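The residues making up each chain are set out below.
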Amino acid sequence: MASPHPVRDEVKDMEIQNYSSSTSGFILLGVSSNPQLQKPLFAVFLTMYLVTLVGNALIILAIHSDSRLHTPMYFFLSSLSFMDICFTTVIVPKMLVNLLSDTKSISYVGCLVQMYFFMAFGNTDSYLLASMAIDRLVAICNPFHYDMVMSPRRCLLMLLGSCTISHLHSLLRVVLMSHLSFCASHVIKHFFCDTQPVLKLSCSDTSSSQIVVMTETLAVIVTPFLCILFSYLRIIITVLKIPSAAGKWKAFSTCGSHLSVVVLFYGSISYVYFRPLSMYSVVKDRVATVMYTIVTPMLNPFIYSLRNKDMKRGLRKLRDRIHS
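Under an unreviewed UniProt entry, the name given to the protein chain is Olfactory receptor 1L4, and the source organism is Vicugna pacos. Turning to the protein chain, the UniProt annotation filed under Function (unreviewed entry) states: "Putative odorant or sperm cell receptor."

Spelled out as structure tokens, the structure:
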């Protein structure tokens, strides 16, 4: 008797055949499976990646070359720019190679390594955004004690704490994933090894893993988000007490860039991760993931430099130094 779904059966047979021929790895479907879109997508994402590298590198160089930018706020900004470079480099080069490749494969170990560093750098970004919110809170609500509270030693400890927590989180997640079994298809319907798409492929009972992943993700991601929320509530209360409109605007203007990045970053992340596995949508999740893995790191240098007089001055100084 003929199958009522010959195309679906053919895809399934292809996936099982792929799995049989390469049981040690996975196939990444990428952003789109349309062959005609591969080269245009390659050009678009390569351009975005280069803009990300150049933009964030310029932010780091401008901050380190201008002594007036050696403050806690710009220390965290340069750290954020460095993490953004690392974050996109974990994902985009492999994605670009796969766009021009017929196999689109990634080894099992390579998949776990990519997953580890993706989560480590992504979560460090989250904690750095929280550190920057604390910096703005102290600057606006307790300016007379700012130098003491946000001392260089304390800023360094905040950075090290952010990295440590993030890497421990990633290690736990990868250890959990390494205990799963994959029995049939090994085709990941995504452009990199993210948790949800890989969980969908497992033939193990993933209910306990899902609970641990969801609980631990809530603890790691929501904690810095609540810190940002609390900081801005305190900032708003303090700013509203300022009598002059000019004073209120000046205080709020120092937070505009940071708030824009927070909305972009947490908006797309919350859509992807804070839903049960049963509600997972391939196409919608790809779009949301592209936002926080590629678009946000690319936009950060523009957001922090276009309306920031200190950064504009630092970039001009860097340009003049390069020219001379």
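### Focus on the pairing of strand S1 (residues 25-28)
Here S1 shows no split at all, with Gly25 and Ile27 on one side and Phe26 and Leu28 on the other all buried. Examined bridge by bridge, S1 and strand S2 (residues 105-107) share three bridges and lie antiparallel to one another. Within S2, the residue paired with Phe26 across the bridge is Ile106. Alignment of S1 against strand S3 (residues 187-188), held across two bridges, turns out to be parallel. Each residue of the ladder has a partner; that of Ile27, found in S3, is Val187.

### Regarding the pattern of salt bridges
Considering all chains together, one arrives at five salt bridges under this definition. One salt bridge connects Arg313 with Asp66, and the closest N-O pair in it is separated by 3.9 Å. Taken together, the positions of Arg313 in helix H12 (residues 309-323) and Asp66 in the loop between helix H2 (38-65) and helix H3 (72-99) put the pair 247 residues apart, joining distant regions of the chain. Exposure remark for Arg313: the relative accessible area of 23% places this residue in the partly exposed category. Linking Asp135 and Arg136 is a salt bridge whose minimum nitrogen-to-oxygen distance equals 2.8 Å.

### Structural notes on the state of the cysteines
In a disulfide, the sulfur atoms of two cysteines are held together by a covalent bond. This structure, assessed with the given rule, holds one disulfide. Disulfide pairing places Cys111 opposite Cys193 at an S-S distance of 2.0 Å. A torsion of -120° about the S-S bond marks the disulfide between Cys111 and Cys193 as left-handed. Taken together, the positions of Cys111 in helix H4 (residues 108-141) and Cys193 in the loop between S3 and helix H7 (195-201) put the pair 82 residues apart, joining distant regions of the chain. Each member of the pair, Cys111 together with Cys193, is buried. Left without a disulfide partner, Cys141 is nearest to the cysteine sulfur of Cys255, which lies 9.0 Å away.

### Let's talk about the side chain of Ser79
Summarising the element assignment, Ser79 is placed in helix H3. Residue classification places Ser79 among the buried residues on the basis of a relative accessible area of 9%. Setting aside residues no more than four positions away along its own chain, Ser79 makes contact with Leu128 and Leu159.

### Looking at unusual backbone geometry
Of note in this structure, Lys104 is not a glycine but carries a positive phi near 55°. Note on placement: Lys104 falls in the loop between H3 and S2.

Conventions used here
- For every chain, the first residue of the written sequence is number 1, and numbering continues from 1 onward in sequence order.
- The predicted nature of this model means local features are confined to residues of pLDDT at least 70 and side-chain atom pairs, given and counted, to a pLDDT of 80 or more, with totals for whole chains, interfaces and linings taken over all residues.
- Calculation of side-chain values draws on the structure's entire complement of heavy atoms; hydrogens and water are dropped beforehand.
- UniProt positions are given in the numbering used here, feature names are shortened, and annotations may be inferred rather than shown by experiment.
- When accessible area is computed with a 1.4 Å probe and restricted to protein chains, residues below 20% of their type maximum are described as buried, those above 50% as exposed, and intermediate ones as partly exposed.
- Only runs of H or I of at least four residues qualify as helices and only runs of E of at least two qualify as strands under DSSP, and these elements are numbered from the N terminus.
- Following DSSP output, two strands are said to pair if at least two bridges run between them.
- Whenever a carboxyl oxygen of Asp or Glu lies within 4 Å of a side-chain nitrogen of Lys or Arg, that contact is scored as a salt bridge.
- Note on disulfides: each one is a pair of cysteine sulfur atoms within 2.5 Å.
- In this analysis, two residues are considered to be in contact whenever any of their non-hydrogen atoms come within 4.5 Å of each other.

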